[in-house]
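Structural characterization, general
Here is what each chain is made of, one letter per residue.
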Amino acid sequence: MKPIRSLMLVSSDPESTRRGAQEVHRRLHREIKALDLDDEVAVSMIGDVGRHDALPMVIVYPEAVIYGPVTPEDVHFLVEEHLHKGRIAAGLQASDRELSGRIAWLSARRGTLPAEQRIVLARVGLIDPENIEDYVMYDGYQALGKALTTMSPADVINEIGKSGLKGRGGAGFPTGMKWRFVSQANGYPKYVICNADESEPGTFKDRLILEGDPHSIIEAMSITGYAVGASQGYIYIRGEYALAQDRLHKAISQARQLGFLGENLFGSGFNFDIHVHIGAGAYICGEETALIESIEGKRGEPRSRPPYPTTHGLWGKPSVVNNVETIANVPSIIRNGAAWYRHFGTSNSPGTKVYTILGNVNVTGLIEVPMGITLREVIAIYGKGMKNSASLKLAQTGGSSGSIIPASLQDTPMDFDSYARTGVSLGSGALLICDEDTCVVDLAKVLLNFFRRESCGKCTPCRVGTQRAHQILTAISEGIGTQRDLDDLQMLSDRLTEFSHCGLGQTSAVPIRDIFRHFRAEVDAHVQLKVCPAGACPMSGQWVSIHWAGKSGLSPM
Amino acid sequence: MLTSIQSEQDVISIVESAVTRHGAKSESLVPILSEINQEFGYLPGEVLSEVSRVLNMPRSHLISVASFYHMLSTKPRGRHLIQFCESAPCHVMHGRQVWQILQDELGLEPGQTSADGKWTLVTSSCLGICGVGPVIIIDDDTYGNVTPERVPDILARYV
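Residues numbered from 1 in each chain as written. Chains lettered and ligands numbered in written order. Predicted model: local features only at pLDDT ≥ 70, side-chain atom pairs only at ≥ 80, totals over all residues. Heavy atoms only, no water.

Another point: the overall build of chain A. Within chain A one finds 23 helices and 14 strands. Relative to the compact-globule value of 24 Å for 557 residues, chain A shows a C-alpha radius of gyration of 25 Å, a close match. Its C-alpha atoms put chain A at 70 × 70 × 35 Å along the principal axes. Counting across all 557 residues of chain A, residues that qualify as buried make up 61%. The long-range fraction of contacts in chain A, counting pairs at least 24 apart against all pairs at least 6 apart in sequence, stands at 71%. Summed over its atoms, the accessible surface of chain A is roughly 20300 Å², and 51% of this surface lies on carbon and sulfur atoms. (Helix = DSSP H or I, 4+ residues; strand = E, 2+ residues; numbered from the N terminus. Rg over C-alpha atoms; globule rule 2.2 N^0.38 Å. Buried < 20%, exposed > 50% of the residue type's maximum accessible area, 1.4 Å probe, protein only. Contact = heavy atoms within 4.5 Å. Areas by Shrake-Rupley, 256 points an atom, 1.4 Å probe, with all protein chains shown as cover.)

So, in structure tokens, the structure goes:
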């Protein structure tokens with residue numbers, strides 16, 4: 001795929017096909033070629049887009065114009081007008097009225113360029129993060145003032161609940177519900193904890209928010225504190241993020257000076273202050289109970305849940321733990337209302353999502369787009385196509401704990417519900433795009449190496465299971481894997497999921513599950529034919545593990 | 001530049017200043033150890049004993065915490081610490097070749113310190129700079145888009 005100017009998507013669900021979508025697709029190709037635009041315009045068939053009143057549909061990016069129903073006879077006019085003359089082909093647009101929730105955002109952003117929607121990153125790159133006045137000029141601390149002076153804590157929780165905001169750290173738990181649990185919990189004092197221990201491989205969205213707009217987190221935490229009845233907040237930030245730590249410290253001291261932190265905020269009698277706790281390098285501390293243990297000065301080993309931190313958190317007191325990106329949405333929601341927020345994204349996953357685009361694409365980086373965008377769109381529009389015109393083999397979504405998905409799933413809308421239905425985890429929003437040179441065994445080996453290294457060692461399934469799975473994958477990549485190894489790997493994957501104490505061990509099985517599900521033939525080729533189809537594995541057959549030499553008969557758990 | 005221990009008084013004053021800054025509370029343990037680790041490049045045994053005395057915590061607890069976190073080390077490290085990111089995003093961008101050349105240039109296995117005490121080479125999980133993988137960090141300097149060809153030049157900047 002090369003850098004392109006426009007992307008045209010043709011719906012190809014059964015109904016569209018019945019109504020001639022294939023012919024529309026073919027004619028689009030022909031017309032585009034006739035105008036010599038085939039280097040600049042890409043045409044793709046996509047699956048069900050969730051709207052059935054105007055099929056077949058043609059969606060054109062980056063303008064996000066929806067045409068439909070488009071007959072084969074309309075194609076010449078459409079291409080002539082839209083692509084050649086650069087204006088909307090009058091009379092062909094689908095009506096606004098019956099847009100389903102899933103693609104309503106397409107219409108909402110029609111004609112806007114770029115099609116990103118920035119809520120969380122609205123000020124990043126626009127203001128001086130070390131100057132509180134810049135933040136205040138761009139609506140900063142308005143939401144806190146509004147909450148403290150015109151809303152009760154219950155109002156704030158209701159508004160967040162109505163907005164449908166879900167946790168952006170990976171699990172997608174409704175934020176309003178979490179806040180309600182904490183506000184209703186017995187015990188005092190209560191704590192607000194912002195989880196900035198962003199360690200998921202491929203994820204650096206929280207770092208950019210903290211470096212570019214630190215006050216938004218301070219404001220959001222104060223609002224959270226007011227809502228749940230806490231007057232003390234902790235930001236747990238990973239040790240490696242030196243610049244973000246520095247900016248947070250500066251922002252906190254400026255906020256204290258101007259009275260946005262401290263006592264009697266906005267004359268409401270509400271007190272709130274924030275302490276920055278700097279981590280010392282441990283992936284597991286992103287797990288909320290491990291994070292709490294770590295703040296308390298211990299090894300970051302996850303606690304048994306229940307009880308949840310909402311009732312027994314820091315120092316055994318009710319605590320709300322929210323990811324940076326999640327609470328960065330809070331000030332905008334309070335300022336503009338829940339109804340405004342629900343304009344973005346899909347009906348079950350409102351709002352935007354920040355993604356990091358990585359791997360074999362022409363442009364890597366960070367985008368914030370409405371929930372429900374597809375992988376194909378992300379690669380074509382924001383990634384500017386695959387590097388070296390390669391084709392997409394797989395994408396790894398959501399960092400190490402996310403999913404490995406094959407190219408065939410690239411048209412599934414990326415929102416919590418659609419992904420959950422296809423068994424994919426949206427995770428932290430990292431999108432690692434891999435071309436045909438990527439070997440799935442090699443990739444799984446790298447991922448399991450990560451888990452084995454980051455396993456805290458508290459529970460046996462994870463401590464031993466990740467180690468053993470990495471050992472087997474290494475053997476397979478060396479061309480000395482056996483059928484028995486594959487069976488063991490399958491069993492390990494099941495047991496890691498079932499018996500691990502926390503999410504780390506449970507999700508460490510996901511890469512194994514996914515490569516078996518989507519790329520079984522490629523894995524088998526390593527074992528049965530002793531061949532790595534992608535040419536990435538050494539296949540030298542010389543692997544001898546230092547730690548496991550002589551223990552090859554060891555059974556997995 | 002790393003500090004080396006000259007006298008018992010050094011140990012006492014450095015621990016005292018870290019404890020004063022962060023407070024003698026259990027929640028300050030990790031920040032205190034981090035600060036001391038930054039000072040010496042690792043956590044010397046006599047310093048841990050002093051922290052244990054001042055905070056009134058068993059030494060075993062300190063060792064258990066110190067050995068848990070990647071940024072803390074209970075073993076001496078070289079003057080320069082090289083962290084190589086071995087997570088998937090850097091790996092997909094051909095990180096393996098960079099890793100190979102790093103090992104060849106330095107003659108070190110992961111976790112080893114060179115005989116002259118100049119380098120310590122460690123692998124690391126994701127460092128959060130994935131847009132420009134492969135990534136290595138030497139002391140406080142970050143290098144992105146590293147290619148095998150650039151590695152000798154980068155290493156030559158350190159004495």
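From this point on, the discussion continues.
It is worth spelling out the overall build of chain B at this point. Looking only at helices and strands, chain B features seven helices and four strands. When the helices and strands of chain B are listed from N to C terminus, the series reads α-α-α-α-β-α-α-β-β-β-α. Principal axes of the C-alpha set define a box for chain B whose edges measure 50 × 30 × 25 Å. Counting every position in chain B, which comprises 159 residues, the buried fraction comes to 50%. A total accessible area of about 7500 Å² is found for chain B, and carbon and sulfur atoms account for 50% of it. Where the 11 positive side-chain charges of chain B centre and where its 18 negative ones centre are 2 Å apart. (Lys, Arg positive; Asp, Glu negative; His and termini not counted. Charge placed at Lys NZ, Arg CZ, Asp CG, Glu CD.)

Contact residues are listed per partner, giving 49 residues for chain A and 32 residues for chain B. In total, about 3100 Å² of surface goes out of reach between chain A and chain B, with carbon and sulfur atoms giving 55% of it. When the area that chain A buries against chain B is broken down by residue, the three leading residues are Ala280(A), Arg299(A) and Arg453(A), summing to 21%. Between chain A and chain B we count two salt bridges in total. When contributions to the side of chain A that touches chain B are tallied by element, the ones reaching two or more residues are strand 6 (232-237), strand 8 (270-278), helix 12 (288-295), strand 10 (352-359), strand 14 (430-435) and helix 18 (440-454) of chain A. (Buried area = accessible area lost by both parts, 1.4 Å probe. Salt bridge = Lys/Arg side-chain N within 4 Å of Asp/Glu carboxyl O.)

Moving on to the domain arrangement of chain A. Residue and element names in this part refer to chain A. Taken domain by domain, chain A holds domain 1 (6-108), domain 2 (132-339), domain 3 (352-435) and domain 4 (440-529). Contact residues are listed per partner, giving twelve residues for domain 2 and eight residues for domain 4. Together domain 2 and domain 4 conceal approximately 790 Å² of surface at their shared face, both sides included; 70% is due to carbon and sulfur atoms. Ranking the residues of domain 2 by area buried against domain 4 places Tyr-283, Ile-284 and Pro-302 at the top, with a combined share of 58%. Linking domain 2 with domain 4 are zero salt bridges. Taken together, the links from domain 2 to domain 4 amount to three residue pairs in polar contact (both at pLDDT 80 or more). Each residue belonging to the side of domain 2 that touches domain 4 can be placed in one class, and the counts come to five nonpolar, three polar and four charged. (Domains from an automatic or database assignment. Polar contact = N/O pair within 3.5 Å; in protein donor to acceptor, adjacent residues only side chain to side chain. Nonpolar A, V, L, I, M, F, W, Y, C, P; charged D, E, K, R; others polar.)

Strand pairing in a sheet relies on backbone hydrogen bonds, with the paired strands running either antiparallel or parallel. All names here are of chain A. If you walk across this open sheet you meet the five strands as 11-10-14-12-13, and the pairing is mixed. Only two strands of the sheet have a single neighbouring strand rather than two, namely strand 11 (365-370) and strand 13 (403-406). Each adjacent strand pair in this sheet contributes to an overall mean axis angle of 30°, direction not counted. Bridge count for strand 10 against strand 14 is four bridges, and the pairing is parallel. If you follow Gly-359 over to strand 14, its bridge partner there is Ile-433. (Pairing = 2+ DSSP bridges. Axes fitted to C-alpha atoms, helices over the stretch in contact; angles between N-to-C directions.)

All names here are of chain B. With respect to topology, four strands assemble into an open sheet ordered 2-1-3-4, the strand pairing being mixed. Looking at strand neighbours, the two that pair on one side only are strand 2 (119-124) and strand 4 (141-143), the edges of this open sheet. Averaged over all pairs of adjacent strands, the angle between strand axes in this sheet comes to 20°, irrespective of strand direction. Inspection of the sheet shows strand 1 (residues 80-85) paired to strand 2 by six bridges, in the parallel sense. From the neighbouring strand, Phe-84 faces strand 2, where its bridge partner is Thr-123.

Before going further, it helps to spend a moment on unusual backbone geometry. With an omega of -10°, the peptide bond between Arg305(A) and Pro306(A) qualifies as cis. In this structure, Pro306(A) sits in the loop between helix 12 and strand 9 (319-323). Even without glycine at this site, Asp139(A) takes up a positive phi of about 65°. Residue placement: Asp139(A) occurs in the loop between helix 5 (132-137) and helix 6 (142-150). Accessibility expressed as a relative area gives 34% for Asp139(A), which makes it partly exposed. Although it is not a glycine, Asn145(B) adopts a positive phi angle of roughly 50°. Positionally, Asn145(B) belongs in the loop between strand 4 and helix 7 (151-156).

For the rest of this paragraph, the subject is helix 8 (residues 175-184) of chain A. All names here are of chain A. Three or more residues of helix 8 are buried, namely Thr-175, Gly-176, Lys-178, Trp-179 and Val-182. Mapping the buried residues of helix 8 onto a view down its axis gives an arc of 160°, with all of them on the same face. Tucked into the core, helix 8 has its buried residues touching helix 7 (153-163), helix 10 (214-228), helix 12, strand 9, helix 13 (324-328) and helix 14 (330-336). (Arc of directions from axis to C-beta.)

Okay, the packing of aromatic side chains next. Following the criterion strictly, the structure yields 14 aromatic pairs over all chains and no others. Between Phe260(A) and Phe266(A) the ring centres are 5.9 Å apart and the planes differ by 35°, which places this aromatic pair in the tilted class. Assessed through its relative accessible area of 14%, Phe260(A) is described here as buried. Between Phe68(B) and Tyr69(B) the ring centres are 5.0 Å apart and the planes differ by 75°, which places this aromatic pair in the edge-to-face class. One aromatic cluster is present, formed by Tyr135(A), Tyr141(A), Phe260(A) and Phe266(A) through successive ring pairs. The ring centre of Tyr241(A) lies 5.9 Å from the NZ or CZ of Arg207(A), which sits over that ring. (Phe/Tyr/Trp six-rings, centres within 6.5 Å; stacked < 30°, edge-to-face > 60°. Lys NZ or Arg CZ within 6 Å of the ring centre and 35° of its normal.)

On to the domain arrangement of chain B. One widely used convention gives an interface's size as the accessible area the parts lose upon coming together. When its domains are assigned, chain B resolves into domain 1 (8-66) and domain 2 (80-156). Distance from the C-alpha centre of domain 1 of chain B to the C-alpha centre of domain 2 of chain B: 29 Å.

Now for the pairing of strand 14 of chain A. Buried residues dominate strand 14 of chain A, accounting for six of its six residues. With burial as the criterion, each face of strand 14 of chain A is covered, one bearing Ala430(A), Leu432(A) and Cys434(A) and the other bearing Leu431(A), Ile433(A) and Asp435(A).

A separate point is helix 2 (residues 29-40) of chain B. Between its first and last C-alpha atoms helix 2 of chain B spans 17 Å; for twelve residues at 1.5 Å apiece the expected length is 16 Å, and the two agree. The buried fraction of helix 2 of chain B amounts to nine of the twelve residues, a majority that puts the element mostly inside the structure. Tucked inside the fold, the buried residues of helix 2 of chain B contact strand 8 and helix 12 of chain A together with helix 1 (8-22), helix 3 (45-55) and helix 4 (59-66) of chain B. One or two steps after helix 2 of chain B, the chain reaches Gly41(B), where phi turns positive at roughly 85°. (Expected span 1.5 Å × (residues − 1).)

A few words now on a nonpolar patch on the surface. All names here are of chain A. Taken together, the side chains of Leu-126, Met-137 and Tyr-138 present a nonpolar region at the surface, about 340 Å² in accessible area. Along the polypeptide, Leu-126 turns up in the loop between helix 4 (101-108) and helix 5. According to the relative accessible area criterion, Leu-126 is exposed, its value standing at 52%. (Patch = residues over 30% accessible without salt bridge, like charges linked within 9 Å, V, L, I, M, F, W, Y side chains within 5 Å.)

All names here are of chain B. Two elements in contact, helix 1 and helix 3, have axes separated by 10 Å at closest approach and are oriented at 50°. Taken together, the axes of helix 1 and helix 3 lie oblique to each other. Read as a crossing pair, helix 1 and helix 3 show a hand that is right-handed. In this structure, helix 1 contributes Val-11, Ile-12, Val-15 and Val-19 to the contact, and helix 3 contributes Glu-46, Val-47, Glu-50, Val-51, Val-54 and Leu-55. Residue composition of the contact of helix 1 with helix 3, by class: eight nonpolar, no polar and two charged. (Parallel < 35°, antiparallel > 145°, perpendicular 65-115°, else oblique. Left-handed = near helix turned anticlockwise from the far one by under 90°.)

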